[in-house]
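One-letter residues, chain by chain:
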Number of protein chains: 2
Amino acid sequence: MPLTTDTPRAIVREVGLRDGLQSIATIVSTAHKIEWLDAAHAAGQREIEVGSFVPARLLPQLADTAEVLAHALTLPGLVASVLVPNLRGAERAMECGAHWMIVPLSASHAHSLANLRKTPDEVVAEVARIRAARDAAGSRTQIEGGVGTAFGCTIQGAVAEDEVLRLLQALLDAGADRVSLADTVGYADPAGVQRLFEKARALVGERLAAAHFHDTRGMGLANCYAAWQTGITRFDACLAGIGGCPHAPGASGNVTTEDLAFMLERMGLATGLDVPALLALRRRVEGWLAGETLHGTLWQAGLPQTAVPAADLAAA
Amino acid sequence: MPLTTDTPRAIVREVGLRDGLQSIATIVSTAHKIEWLDAAHAAGQREIEVGSFVPARLLPQLADTAEVLAHALTLPGLVASVLVPNLRGAERAMECGAHWMIVPLSASHAHSLANLRKTPDEVVAEVARIRAARDAAGSRTQIEGGVGTAFGCTIQGAVAEDEVLRLLQALLDAGADRVSLADTVGYADPAGVQRLFEKARALVGERLAAAHFHDTRGMGLANCYAAWQTGITRFDACLAGIGGCPHAPGASGNVTTEDLAFMLERMGLATGLDVPALLALRRRVEGWLAGETLHGTLWQAGLPQTAVPAADLAAA
């Protein structure tokens, strides 16, 4: 749509290189990851989570995160983030000059113990250590605390909203620069999203900076819309919807980048994204992922040939 | 979720037997349609569009509408509707005792001429004739005017909101008992949906009684959520997402019944639907539709094993 300074903006943060690739068996080469970064940047993506600083034996798919990050940092205007599970990972992120490091915390106590081998409050304490290390090093790498299983979990079931809110505040108190909320297992519905995000925004304001939804049961875009209504403008997504749900073979993982970009543009928001270029990149990435199940709808339906942005119709 | 008299309700109106089956090549037998009706009723569905009174040479898939309707009328508490394109179809609907007849109108002038061979205002005039015939006959069959291509069309592109609103009012003035809005070609985005439904509700109030979305570009559930926020509680959907988009081979048609039912239940609304029973019915219908592309996500991900209704978490 025609971009003016008044056009509200939205950011699709690409997490396919991290959340997507870590969830599939195929190991994409460093050269292809760099090709992906270049094409995503050319298509207008300006925030990309490029990998994860975890031991290579745990996630061989992301063992080249330092190299991929180094390339990302050469792309003009690109904000590069990495996932770090602990202080050790954070030290690498800072050494490598990542713009943001995202520390995952699971609001579900059971999920936290199973996946991170720490309680949620132990993760909060780790964030405090990461913040102290950053301050001591004079690093400019910023810290995002990502609260996952915020809408329930496959192990313990319910996760209380009050506990999620408490952990958001605790992360900020421990020194995180901002926080985000994630529906790690695809349990969220839009009414629940709107309710929890409203409460979280009331509590921490603009420091609640991103929403991370999975499309496991088809509600990914609905949940993005619900979060957007509470003022959220940064959404995580994976190109081609790569990455499945580990608990449901064949089911989708994250929201699909190109579908989300199309929706936001149709809503009249400026994303800076070239949707046809994203579709072309999807086809390229698809070629590297033979045998993997991809997701999304726009690639199949295609862009409307005759449509005008819906926002222009209000005045038509 | 636990049902109380205070629990807000939502209705999933099944349109698979009409919109779904008319869009695919396979002709489902009358016996199977009756089996479908019985199982849908057993799964809690209480509003079903059972077919269309159009000439059998145009839609052989729906040639048995009178028989299917006759069976639907034997099911306790079931509200049976049929689509009627003109007075002739309306006369059959009334003769057969349908509870509702839905008269489609296309807000896109070009789409209306191409598909209905009438202008939108000629359809309004036909609704006036249908109303007069009903009054003369003393029939109790009610009239719903369904305004399609309300969010744009594949032929003319933009459809002005003011024109959609004018036609809603014109249908009611001509004698329709209520009206609905449809995104016939899958162009709608949730912000546009919310804006247009708000305007329409402001204009005609509760007489705007249903929303009909296609999931062509993955926004079907998001659009339902957006419409729900304006007070809409009746949504059209197709079991197994049957019915494609004629303009995009392989792309999905209507919102998928079982996915929508799951979302609404997760939102804390009472739908009266037994989602596992809908999934079982999906598998049965799938067996009748070999070679057809089906849609939806819940069948693949499955129901959450540990989830509690999100609405219960607010108090948790």
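Residues numbered from 1 in each chain as written. Chains lettered and ligands numbered in written order. Predicted model: local features only at pLDDT ≥ 70, side-chain atom pairs only at ≥ 80, totals over all residues.

## Some words on the overall build of chain A
Counting its secondary structure elements, chain A contains twelve helices and ten strands. Radius of gyration (C-alpha) of chain A: 18 Å, near the 20 Å computed for a compact globule of 316 residues. Here the C-alpha coordinates of chain A stretch approximately 55 × 40 × 40 Å along the principal axes. Relative to all contacts within chain A whose residues are 6 or more apart in sequence, the contacts with residues 24 or more apart total 73%. (Helix = DSSP H or I, 4+ residues; strand = E, 2+ residues; numbered from the N terminus. Rg over C-alpha atoms; globule rule 2.2 N^0.38 Å. Contact = placed C-beta atoms within 7 Å.)

## Things to note about helix 7 (residues 161-173) of chain B
All names here are of chain B. Taking 1.5 Å per residue, 13 residues should reach 18 Å; helix 7 reaches 18 Å between its end C-alpha atoms and fits that length. Contacts from the buried residues of helix 7 go to strand 4 (100-106), helix 6 (120-137), strand 5 (142-148), strand 6 (178-182), helix 8 (190-204) and strand 7 (208-212). Positive phi shows up at Gly-175, right after helix 7, with a value of about 120°. (Expected span 1.5 Å × (residues − 1).)

## Some points on the nonpolar core
Core analysis: the biggest nonpolar cluster contains 204 residues, and Leu-171 of chain A together with Leu-171 of chain B have the highest contact counts within it. When sequence neighbours within four positions are dropped, the list of residues in contact with Leu-171 of chain A reads Leu-105, Val-124, Val-127, Gly-145, Ala-176 and Val-179 of chain A. (Core = buried A, V, L, I, M, F, W, Y, C linked by C-beta atoms within 7 Å. Buried ≥ 20, exposed ≤ 12 C-beta atoms within 10 Å, placed from the backbone.)

## Focus on the packing of helix 7 of chain B against helix 8 of chain B
Think of two packed helices as two axes; the pair is described by the angle between the axes and how far apart they sit. Residues and elements named next belong to chain B. Two numbers describe how helix 7 lies on helix 8: the axes approach to 10 Å, and their chain directions differ by 35°. Considering the relative orientation of helix 7 and helix 8, their crossing is right-handed. Taken together, the residues of helix 8 that come into contact with helix 7 (itself represented by Glu-161, Val-164, Leu-165, Leu-168, Gln-169 and Leu-172) are Leu-196, Lys-199, Ala-200, Leu-203 and Val-204. Here the residues of the contact of helix 7 with helix 8 sort into eight nonpolar, one polar and two charged. (Axes fitted to C-alpha atoms, helices over the stretch in contact; angles between N-to-C directions. Left-handed = near helix turned anticlockwise from the far one by under 90°. Nonpolar A, V, L, I, M, F, W, Y, C, P; charged D, E, K, R; others polar.)

## Brief notes about the pairing of strand 3 (residues 79-83) of chain A
All names here are of chain A. In terms of residue burial, strand 3 counts as a mostly covered element, since four of its five residues are buried. Pairing between strand 2 (residues 47-52) and strand 3: five bridges, direction parallel. Across the sheet, residue Ile-48 finds its bridge partner in strand 3, namely Ala-80. At this point the chain moves from strand 2, through helix 3 (residues 65-72), to the parallel strand 3, and the crossover so formed is right-handed. Across three bridges, strand 3 lies against strand 4 (residues 100-106) in parallel orientation. Residue pairing for strand 4: Leu-83 is matched across the bridge by Ile-102. (Pairing = 2+ DSSP bridges. Right-handed = clockwise from strand over helix to strand, strands pointing away.)

## A few points about the environment of Glu-292 of chain A
Residue and element names in this part refer to chain A. Among the secondary structure elements, Glu-292 is positioned in the loop between helix 11 (275-288) and helix 12 (298-301). On the basis of neighbour count, Glu-292 is assigned to the partly exposed category, with 18 C-beta atoms found within 10 Å. When the C-alpha positions of Glu-292 and Ala-25 are compared, they lie 8.2 Å apart, and in sequence the two are 267 residues distant. The contact partners of Glu-292, leaving out residues within four places of it in the chain, are Ile-24, Thr-26 and Ile-242.

## Some thoughts on the packing of helix 2 (residues 30-42) of chain A against helix 11 of chain A
All names here are of chain A. In contact at an axis separation of 9 Å, helix 2 and helix 11 are set at 170° when each is read in the N-to-C sense. Between helix 2 and helix 11, the interaxial angle falls into the category roughly antiparallel. Where helix 2 abuts helix 11, its residues His-32, Trp-36, Ala-39, Ala-40 and Ala-42 lie against Ala-277, Leu-281, Arg-284, Val-285 and Trp-288. Looking at side-chain class alone, the contact of helix 2 with helix 11 contains eight nonpolar, one polar and one charged residues. (Parallel < 35°, antiparallel > 145°, perpendicular 65-115°, else oblique.)

## Focus on unusual backbone geometry
All names here are of chain B. Phi angles above zero are rare outside glycine, and Arg-117 is one such case at about 55°. Relative to the helices and strands, Arg-117 resides in the loop between helix 5 (109-116) and helix 6. The phi dihedral of Thr-149 falls on the positive side, at around 45°, and the residue is not glycine. In this fold, Thr-149 is placed in the loop between strand 5 and helix 7.

## Some points on the environment of Pro-76 of chain B
Structurally, the position occupied by Pro-76 of chain B is in the loop between helix 3 (65-72) and strand 3 (79-83). Once the C-alpha coordinates of Pro-76 of chain B and His-41 of chain B are considered, the two residues, 35 residues apart in sequence, prove to be 8.6 Å apart.

## Things to note about helix 11 of chain A
Residue and element names in this part refer to chain A. Taking 1.5 Å per residue, 14 residues should reach 20 Å; helix 11 reaches 20 Å between its end C-alpha atoms and fits that length. Buried residues of helix 11: Val-275, Leu-278, Leu-279, Leu-281, Arg-282 and Val-285, and no others. Looking straight down helix 11, one finds that the buried residues subtend no more than 160° of arc, so they occupy a single side. Facing away from the buried side of helix 11 by more than 90 degrees, the exposed set consists of Pro-276, Arg-283 and Gly-287. Lining the buried residues of helix 11 we find helix 2, helix 10 (257-266) and helix 12. (Arc of directions from axis to C-beta.)

## Focus on the confidence of the model for chain A
Averaged over all residues, the pLDDT of chain A is 93; the fraction at 70 or higher stands at 93%. Confidence metrics for the complex model read pTM 0.94 and ipTM 0.93. (pLDDT = per-residue confidence, 0-100.)

## Topic: the environment of Gly-186 of chain A
All names here are of chain A. Mapped onto the fold, Gly-186 is located in the loop between strand 6 (178-183) and helix 8 (190-204). What makes Gly-186 buried here is the crowd of 28 C-beta atoms within 10 Å. As a C-alpha pair, Gly-186 and Lys-118 span 68 residues in sequence and 22 Å in three-dimensional space.

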